[in-house]
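# Commentary on secondary and tertiary structure
Chain residues, written in single-letter form:
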Amino acid sequence: MPRIIGVVLVVLGGVWIAQGVGALHGSMMSGHPGYAALGAVTVLAGLVLLVLGWIRRPRG
């Protein structure tokens, strides 16, 4: 389950980064750098969950 949540967070964070830097238009978040920073934190959290999910997966 952590891996699924990690993937969702990485994708969501990527969208927020793209909107924050102005590469993805169409919302109030477009062009606001604060959302890019929030997206970067979200991507990092997702990557941590992905790594933990792979490290702690059951063997067998």
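Residue positions are counted from 1 within each chain, in the order its sequence is given. Residues qualify for local features only when their pLDDT is at least 70, as the model is predicted, and side-chain atom pairs are given and counted only at 80 or more; totals for whole chains, interfaces and linings, by contrast, use all residues. Hydrogen atoms and water are omitted, and side-chain values are computed over all heavy atoms in the structure.

### Notes on helix α1 (residues 2–20)
With 19 residues, α1 extends 26 Å between its outermost C-alpha atoms, agreeing within 8% with the 27 Å of an ideal straight helix rising 1.5 Å per residue. For the exposure calls, accessible area comes from a 1.4 Å probe over protein chains only, and a residue counts as buried if that area is under 20% of its type's maximum, exposed if over 50%, partly exposed in between. Each helix is a run of DSSP H or I of at least 4 residues and each strand a run of E of at least 2, with the numbering of both proceeding from the N terminus. By the burial criterion, the buried members of α1 are G6, G13, Q19 and G20. For α1, the angular spread of the buried residues around the axis is 150°, confining them to a single face. In α1, the exposed positions that point more than 90 degrees away from the buried face belong to I4, V8 and V11. We call two residues contacting when some pair of their heavy atoms lies within 4.5 Å. Check the buried side of α1 and you find it contacts α2 (33–55). One or two residues past the end of α1 sits G22, with phi positive at roughly 90°. Multiply 1.5 Å by the residue count of a helix minus one, and that product is the helix's expected span. Directions are taken from the helix axis to each C-beta atom, and the arc is the one they span.

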